[in-house]
Amino acid sequence: MSYDLLIKGGTVIDGSGGARYRADVAVQDGRIAAIGRVNERARQTIDAEGHIVSPGFVDGHTHMDAQVFWDPIGSSSCYHGVTSVVMGNCGFTLAPCKPEDADFVFRNLERAEDLSRDAMLAGIDWTWETFPEFLDAVDALPKGINYAGYIGHSALRTHTMGERAFTDPATEDDVKTMQKAVQEAVRAGAIGFSTSRTRNHVTPDDQPVASRLAEWNEVRAIVNAMGETGKGIFEIAGETPGRNPERIREYFDRLKNLAVESGVIQTWGMFSARAAPELWRPYFDLVDETAAAGGRIVVQVHSRALNVLLSFKSNTPFDKWDVWKDLRALPLDEQKAKLRDSGFKAKLVEVASREYKGPKIVGAEPRPPNWNFVYPMANMDYDQPSMADLAQQKGVHPVELMIDLALEHDFDIFFRQPLANENQDHVLEMIKHPRSVVTFSDSGAHVSQIMDSSLQTHLLSYWVREKEALTLEEAIRQITYNTATLWGLHDRGLLRTGMAADLVVFDPNTVGARLPEVVYDLPAGARRLKQTADGIKNTVVNGEILLSANEHDGALPGRLLRV
């Protein structure tokens, strides 16, 4: 017989955590047809000699709900071996919503997730109202990778309550309407229900997004209603109870009790923080406690610090400060000329040394830097000295050093400002926890501020190759089988005959993220960060080659994954 695709001579790491082995992989009709020594011919052949062949990576925490309408290949996630994503996290979705009420959705998304309103207006052809209709719209789109999605609480609330969603508790009738809509959504294939209660999620006018107005009983009623269907996952961007032991315990009890009484798998993200390094471990104790009580919580963890990327081509921490705001309004070439003026540079340093008195900073927005925790990024060497250390060595102010380095690299340098996960020992401990999954890229959101679509390649290059803290088998299981299984994508995440042929062929000696770049390729010319990778030879989605060495091969084999 003849196959559609043959991946020849590679080393298979199958996602299970089991030891690697040498084998050919044959694909027919979008499925893995044979693993072993395959002598038959194929329509296409990939020479995988010297490469790893693994399942495609699954990212369970993205915000690609809007991007899927204008970006057919799913960048930048696709460049890092990701073949399936879960969108609609944190309660932010485009449905349910009437076309004429799209501003409700934009109000929830624009600042909380740094999504350009102009890009959404230009890039989305709004053809739905209900969530099942939204799924049908995504299903019909040409797609390079696979998408699954939550129904989001903020959109659900505004569709049900209108303007009251931003000010009022829900009535009993409101809650019943939302319960029915969520049940309808998961029966149509939604992956679950998501919400946000974090104070970092605000509207452009500094008001809470709609889901934050919900009382806990509203959340509880919706999740329990979803549980009645026997389907769906509950994702929450959680509350911040601070350090008060009573408040923490009360919040933990609510999460645990809801997981137990609903029977619904619950998931949320967790980071460590240098300001409160003791707070994250009790959350992992909670998931074990919940398991003992009969519920299930799985923690989403990152593979590195959560970084805001600063640069003169995108954002600096001082763009709205005196003197700086006039400079930053100029074309880049004019900025470079003024920055070479020593007197003007001294004025910028003086202004940047003042106490910050601007608007409230939330989420992933740049903030006045603590230079002990800002790092230069002229390459992808993650363990660089801080700007404070480098400035001290050179005998200059860190702001002056930032300007000098930017000019030295013709503005092609970033400065990494961690917001969380500053301690990499904590990161590794979280990665290794048996009830965690490595995900949380936020792809599709914060597109001009962060670039975490590369967390999977960072896991492979940093923790496996550089630090030797994980085996390649362990790391691949974390981003394939573990993520696919949590989100119910049971025909993906393993390399087995009969499974969907989502595959990555990569060189373990060179795989890793390239330096990000600033591009203006969103609808309406909006700006974003883009990042590709080294070492990935091919990405295969549903049996077709999507990418070869970061280049799109032309196929659009992605699907909507209804769970």
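All values derive from a computational prediction rather than experimental measurement.

Draft legend 1. How the structure looks around the overall build of the protein. Of regular secondary structure, the protein possesses 17 helices and 24 strands. When the backbone C-alpha atoms are referred to their principal axes, the protein occupies close to 75 × 60 × 45 Å. Within the protein, the fraction of its 563 residues that count as buried is 61%. Within the structure as shown, the protein displays about 21,400 Å² of accessible surface, and the carbon and sulfur contribution to it stands at 46%. Between the averaged position of the 60 positive side-chain charges in the protein and that of its 78 negative side-chain charges there is a distance of 2 Å.

Draft legend 2. Geometry of the nonpolar core. Membership of the largest hydrophobic core comes to 105 residues, with the highest contact counts inside it found for W268 and F506. Beyond its immediate sequence surroundings of up to four residues, W268 is in contact with I236, L255, Y283, L286, V287, I297, V298, V299 and Q300. Counting residues in each nonpolar core, the second largest holds 35 residues, with W321, A352, M402 and I450 among its members.

Draft legend 3. Examining the pairing of strand β13 (residues 306-310) more closely. Most of β13 sits inside the fold, with five of its five residues counted as buried. The alternating pattern of β13 places L306, V308 and L310 and N307 and L309 on opposite faces, both of which are buried. Bridge analysis of β13 against strand β15 (residues 414-420) gives five bridges, and the strand direction is antiparallel. Pairing of L309 across the sheet is with R416, part of β15.

Draft legend 4. Seen up close, the confidence of the model for the protein. Considering every residue of the protein, the mean pLDDT works out to 96; 100% of them sit at 70 or more. Within the protein, helix α1 (residues 102-109) has the poorest average pLDDT of any element, 87, and strand β5 (residues 52-55) the best, 99.

Draft legend 5. View of the pattern of salt bridges. The final tally for this structure, using the stated rule, is 39 salt bridges. A salt bridge links K8 to D24; the shortest N-O distance between them is 3.0 Å. Here D24 lies in strand β2 (residues 21-28) and K8 lies in strand β1 (residues 2-12), a separation of 16 residues in the sequence. Within this structure, R31, D491, R492 and D502 form a network of salt bridges that share partners.

Draft legend 6. Geometry of the pairing of strand β9 (residues 192-196). Counting buried residues along β9, five of its five residues qualify, which places the element largely inside the surrounding structure. Here β9 shows a buried face lined by G192, S194 and S196 and a second buried face lined by F193 and T195. Relative to β9, strand β8 (residues 146-152) runs parallel, the two sharing three bridges. Looking across to β9, one finds that Y150 is bridged to G192. With five bridges connecting them, β9 and strand β10 (residues 233-237) associate as parallel partners. For F193, the partnering residue across the bridge sits in β10 and is F234. In terms of handedness, the path from β9 via helix α6 (residues 216-227) over to β10 forms a crossover that is right-handed.

Draft legend 7. Broad picture of α6. Along its 12 residues, α6 runs 16 Å from first to last C-alpha, staying within 8% of the 16 Å computed at 1.5 Å per residue. By the burial criterion, the buried members of α6 are W216, E218, V219, I222, V223, A225 and M226.

The rules we used
All chains use their own residue numbering, which begins from 1 and follows the written sequence. The predicted nature of this model means local features are confined to residues of pLDDT at least 70 and side-chain atom pairs, given and counted, to a pLDDT of 80 or more, with totals for whole chains, interfaces and linings taken over all residues. Each side-chain value is worked out from all heavy atoms of the structure, with water and hydrogens disregarded. For helices the rule is a DSSP run of H or I covering at least 4 residues; for strands it is a run of E covering at least 2, with both sets numbered from the N terminus onward. For each residue, the accessible area found with a 1.4 Å probe, counting protein chains only, is set against the maximum for its type, and the residue is called buried under 20%, exposed over 50%, and partly exposed in between. Note that accessible areas follow from Shrake-Rupley with a 1.4 Å probe, and for residues the cover is restricted to the protein chains shown. When charges are tallied, Lys and Arg are placed among the positive residues and Asp and Glu among the negative ones, while His and the ends of the chain are skipped. Here the site of a charge means atom NZ of a Lys, CZ of an Arg, CG of an Asp or CD of a Glu. What is meant by a nonpolar core is a set of buried Ala, Val, Leu, Ile, Met, Phe, Trp, Tyr and Cys residues, joined one to another through side-chain atoms within 4.5 Å. The contact rule is simple, with two residues in contact once any of their heavy atoms fall within 4.5 Å. DSSP bridges decide pairing: two strands pair if at least two such bridges lie between them. Values of pLDDT, which run from 0 to 100, indicate the predictor's confidence residue by residue. The rule for a salt bridge is simple: a side-chain nitrogen of Lys or Arg has to be within 4 Å of a carboxyl oxygen of Asp or Glu. Assignment of crossover handedness uses the view with strands pointing away from the viewer, where a clockwise path from the first strand over the helix to the second indicates a right-handed crossover. Any helix carries an expected span of 1.5 Å times its number of residues minus one.

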